[in-house]
Amino acid sequence: MKTFLFIVIVIVSGAAAGIIHGGMNLVFVEPSLDQAIGIENQHLFATGEAEDNSEFWVEYDDYRTWQKTGQVIAGGILGVSIGSLFGIIFTFSRNTLPGKTDLKKALILAGIMWLVVYFIPFLKYPANPPTVGDPETVVLRGILYLSFIAISGFGALGFYKLSKKLKTKKFIAVAGYAAFIGIMFTVMPENPDNITAPMDLVDHFRTMSAFTVSIYWLSLGLILGSLWSHYKPHKEIPPSFN
Amino acid sequence: MSQSRQINVSKNGVPVIAIMALAIIFVAGLFVVGFDQGHIFSLVYGEEAFQDLYIHELTHDMRHAAGFPCH
């Protein structure tokens with residue numbers, strides 16, 4: 001395997017998909033974030049923690065502009081991070097994934113990972129806009145969310161391994177995982193925070209958030225699959241270069 | 001022959017060093033965007049970093065948008 005090329009392809013695909021994700025968020029998610037932070041500002045004015053004057057708004061606008069550039073930067077970082085996990089799993093599962101081309105294999109794996117480590121955990125612990133989360137419970141919520149992602153991810157991996165041993169592939173793996181995650185879904189504690197923001201704002205935010213994360217996974221599969229097909233990092237280097 | 005190679009490879013020929021490097025990038029990146037509450041900068045700036053929350057504020061919008069818990 002061409003190790004350096006493999007790492008470069010994984011990082012470039014992750015960064016590109018992540019920057020696309022961040023850019024999409026600027027268009028689709030930021031309006032909801034601005035609206036939710038607007039509610040937080042009204043609380044600050046009502047409680048006397050801030051004054052509704054031009055000085056406040058100048059500072060606020062600068063701050064939000066900075067945070068919005070952070071959206072794209074963080075998109076790149078998160079993209080590379082998740083892309084690295086995707087690259088690791090892709091390289092180990094490439095030979096067993098269905099699909100004739102590397103692009104199809106990458107898209108299938110992206111779809112599976114989207115479901116297992118994003119969408120199912122999202123259904124249990126959906127994204128929330130600012131104003132919803134209680135700072136006191138942020139560590140607990142972080143542990144719950146990460147635990148559920150790990151349970152779902154390792155659960156899927158475990159049932160996949162089991163299905164290979166039983167040689168009755170897909171049915172056992174899919175049914176076993178579905179039953180397992182269904183039980184875990186009911187057993188795991190709920191998000192402890194009450195939603196105080198208007199529900200239409202929260203629902204719109206969640207829809208847009210799920211949409212752009214899905215675009216990220218699609219982009220990741222497309223870009224990594226295309227680059228892999230083109231550069232073939234799995235091919236051995238000729239012995240003379242070893 | 002595979003025994004004579006200098007780089008450790010796993011069963012299907014993937015270099016272990018590449019997997020380790022990507023695993024570190026995965027964990028570090030996820031922590032920075034999803035969970036840092038001043039921890040990383042506290043290594044340099046001490047307790048002050050937990051008040052400033054620089055990384056938290058910079059990644060704030062993505063943290064919400066990608067579904068991580070925030071406040």
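Below is a short write-up of the structure. (Residues numbered from 1 in each chain as written. Chains lettered and ligands numbered in written order. Predicted model: local features only at pLDDT ≥ 70, side-chain atom pairs only at ≥ 80, totals over all residues. Heavy atoms only, no water.)

1. Regarding the interface of chain A and chain B
Interfaces are often described in size by the accessible area the parts lose on coming together. The partner chain B presents 33 residues to the 50 residues of chain A that form the contact. Between chain A and chain B we count one salt bridge in total. In this structure, D61 of chain B and R64 of chain A form a salt bridge, with 3.1 Å as the shortest nitrogen-oxygen distance. The interface formed by chain A and chain B holds nine residue pairs in polar contact (both at pLDDT 80 or more) in total. (Contact = heavy atoms within 4.5 Å. Salt bridge = Lys/Arg side-chain N within 4 Å of Asp/Glu carboxyl O. Polar contact = N/O pair within 3.5 Å; in protein donor to acceptor, adjacent residues only side chain to side chain.)

2. Thoughts on the packing of helix α2 (residues 30-47) of chain A against helix α7 (residues 199-231) of chain A
Residue and element names in this part refer to chain A. The interhelical angle for the contact between α2 and α7, taken along N-to-C directions, is 145 degrees, at an axis separation of 10 Å. When you trace α2 past α7, the crossing you get is left-handed. Touching S32, L33, Q35, A36 and I39 of α2 are L201, H204 and F205, all from α7. For the contact of α2 with α7, the per-class residue count stands at five nonpolar, three polar and no charged. (Axes fitted to C-alpha atoms, helices over the stretch in contact; angles between N-to-C directions. Helix = DSSP H or I, 4+ residues; strand = E, 2+ residues; numbered from the N terminus. Left-handed = near helix turned anticlockwise from the far one by under 90°. Nonpolar A, V, L, I, M, F, W, Y, C, P; charged D, E, K, R; others polar.)

3. Focus: the layout of surface pockets
The probe, sized like a water molecule, is rolled over the atoms to show the empty space still left. What the second largest pocket holds in volume is close to 470 Å³. What lines the second largest pocket is a set of 16 residues, and nearest its centre among them are I37, E40, Y63 and Q67 of chain A together with E57 of chain B. For the lining of the second largest pocket, the secondary structure elements donating two or more residues are α2 and α3 (54-93) of chain A together with α4 (54-58) of chain B. Across the lining of the second largest pocket, the residue classes break down as six nonpolar, six polar and four charged. (1 Å grid on protein atoms, 1.4 Å probe; cavity = no way out; pocket = protein on both sides within 12 Å on 5 of 7 lines; lining within 4 Å. Points joined across faces, edges and corners; volume = space filled by probe spheres on them.)

4. Things to note about a negative patch on the surface
All names here are of chain A. The grouping of E51, E55, E59, D61 and D62 at the surface amounts to a negative patch. Along the chain, the position of D61 falls in helix α3. For D61, a relative accessible area of 44% gives the class partly exposed. (Patch = residues over 30% accessible without salt bridge, like charges linked within 9 Å, V, L, I, M, F, W, Y side chains within 5 Å. Areas by Shrake-Rupley, 256 points an atom, 1.4 Å probe, with all protein chains shown as cover. Lys, Arg positive; Asp, Glu negative; His and termini not counted. Charge placed at Lys NZ, Arg CZ, Asp CG, Glu CD. Buried < 20%, exposed > 50% of the residue type's maximum accessible area, 1.4 Å probe, protein only.)

5. Let's talk about the packing of aromatic side chains
Residue and element names in this part refer to chain A. Applying the stated rule across the entire model yields 23 aromatic pairs over all chains. Relative to W228, the ring of F90 lies with its centre 5.0 Å away and its plane at 75 degrees, an arrangement referred to as edge-to-face. With F90 in helix α3 and W228 in helix α7, this pair connects stretches of sequence that are 138 residues apart. Residues F90 and W228 agree in their burial class; the two are buried. Put simply, the rings of F6, F86, F90, Y216, W217 and W228 touch in pairs and so form one group of aromatic residues. (Phe/Tyr/Trp six-rings, centres within 6.5 Å; stacked < 30°, edge-to-face > 60°.)

6. A few points about the pattern of salt bridges
Summed over all chains, the structure comprises seven salt bridges over all chains. The salt bridge involving R64 of chain A is made with D34 of chain A; its shortest N-O contact spans 3.0 Å. Of this pair, R64 of chain A sits in helix α3 while D34 of chain A is found in helix α2, placing the two residues 30 residues apart along the sequence. One salt bridge in this structure joins D102 of chain A and R94 of chain A, with 2.7 Å as the shortest N-O distance. Given the relative accessible area of 15%, R94 of chain A is considered buried. Each of E30, D34, R64 and K68 of chain A together with D61 of chain B takes part in a single network of salt bridges with overlapping partners.

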